[in-house]
Amino acid sequence: MPEEAPNAPPEQPPRNRGLLFPWLLAACVFTVSIIAAMATMVRGMTYARANQGALPDWYHPLLTLSQYGLFLSTAAILILVFISFRRAFKNK
């Protein structure tokens with residue numbers, strides 16, 4: 001049986017890249033959805049201030065859609081955090 005060198009580095013566990021793509025996808029979707037939600041809100045406030053009246057009919061579904069997108073992307077990130085913590089502490 002060959003002996004290990006006394007200064008040999010310890011064996012590192014293989015890196016798990018299984019969640020890399022979902023993390024990148026969730027980060028991109030979150031970034032786009034937060035920009036869209038903020039732009040929609042600013043556009044609505046600007047429209048209301050300029051026209052001194054109610055917002056147009058198309059604005060409310062657009063605002064709701066952007067807020068749902070932000071909610072879903074935030075939920076995806078929280079799920080990925082849970083999965084990552086679970087995997088990190090699974091063997092410990």
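Here the residue numbers are simple positions, counted from 1 along each chain's written sequence. Local features in this predicted model are restricted to residues whose pLDDT is 70 or higher, and side-chain atom pairs enter the listing and the counts only when it is 80 or higher, whereas totals over whole chains, interfaces and linings include all residues. Computation of side-chain values: all heavy atoms of the structure, hydrogens and water removed.

Our next topic: the overall build of the chain. Across its full length, the chain holds two helices and zero strands. In the chain, which comprises 92 residues, the share counted as buried stands at 13%. Residue contacts follow a heavy-atom distance rule, with two residues in contact if any of their heavy atoms lie within 4.5 Å. Intrachain contacts of the chain at a sequence separation of at least 6 include 68% that bridge at least 24 residues. Computed with a 1.4 Å probe, the accessible areas rest on the Shrake-Rupley method; for each residue, only the protein chains presented here act as cover. With the model as given, the accessible surface of the chain reaches about 8,100 Å², and the carbon-plus-sulfur share is 68%. Helix and strand labels come from DSSP, where a helix needs a run of H or I of at least four residues and a strand needs a run of E of at least two; each type is numbered from the N terminus. Remark: exposure states derive from per-residue accessible area (1.4 Å probe, protein chains only) relative to the maximum for the residue type, with buried under 20%, exposed over 50%, and partly exposed in between.

With that settled, consider the environment of Ser84. With respect to the helices and strands, the residue Ser84 is situated in helix H2 (residues 59-88). Classification of Ser84 by relative accessible area gives partly exposed; the value is 25%. Along the backbone, Ser84 and Leu19 are 65 residues apart, and their C-alpha atoms lie at a distance of 8.0 Å. Each residue touching Ser84, except ones within four places of it in the same chain, is listed here: Leu19 and Trp23.

The next thing to look at is H2. With 30 residues, H2 extends 43 Å between its outermost C-alpha atoms, agreeing within 8% with the 44 Å of an ideal straight helix rising 1.5 Å per residue. Within the span of H2, buried status applies to Tyr59, Leu63, Ser66, Ser73 and Leu80. Where H2 is buried, its residues contact helix H1 (20-51). Helix span is expected to be 1.5 Å times the residue number reduced by one.

This part is about a nonpolar patch on the surface. Like charges within 9 Å and nonpolar side chains (Val, Leu, Ile, Met, Phe, Trp, Tyr) within 5 Å are joined into patches, using only residues over 30% in relative accessible area that form no salt bridge. Definition used for salt bridges: Asp or Glu carboxyl oxygen within 4 Å of a side-chain nitrogen of Lys or Arg. On the surface, Ile34, Ile35, Met38, Met41, Val42 and Met45 cluster together into a nonpolar patch covering about 540 Å² of accessible area. Mapped onto the elements of the fold, Val42 is located in helix H1.

Another aspect to go through is the side chain of Ser66. Along the chain, the position of Ser66 falls in helix H2. If we skip the residues at most four places from it in the chain, Ser66 touches Ala36, Ala37 and Thr40.

With 32 residues, H1 should reach 46 Å at 1.5 Å per residue; the first-to-last C-alpha distance of 46 Å fits that figure. The complete set of buried residues in H1 reads Ala26, Ser33, Ala37, Thr40 and Gly44. Where the residues of H1 are buried, they touch H2. Backbone geometry just after H1 places Gln52 at a positive phi near 50 degrees.

Right, let's get into the packing of H1 against H2. Note on geometry: axes are C-alpha line fits, over the in-contact stretch for helices, and angles between N-to-C directions span 0 to 180 degrees. As a packed pair, H1 and H2 sit with axes 8 Å apart at the nearest point and diverge in direction by 150 degrees. Our classification of the angle between H1 and H2 gives roughly antiparallel. In the packing of H1 onto H2, the handedness of the crossing is left-handed. The segment H1 lies against H2, with Pro22, Trp23, Ala26, Val29, Phe30, Ser33, Ile34, Ala36, Ala37, Thr40, Met41 and Gly44 engaging Tyr59, Leu62, Leu63, Ser66, Gly69, Leu70, Ser73, Thr74, Ile77, Leu80, Val81 and Ser84. Under this grouping Gly is polar, as are all residues other than the nonpolar Ala, Val, Leu, Ile, Met, Phe, Trp, Tyr, Cys and Pro and the charged Asp, Glu, Lys and Arg. Classifying every residue of the contact of H1 with H2 gives 16 nonpolar, eight polar and no charged. Put simply, angles under 35 degrees are roughly parallel, angles over 145 are roughly antiparallel, angles from 65 to 115 are roughly perpendicular, and the rest are oblique. Rotating anticlockwise by less than a right angle from the far helix to the near helix defines a left-handed crossing, while the corresponding clockwise rotation defines a right-handed one.

Take it as geometry only, folks, not as evidence of what the structure does.
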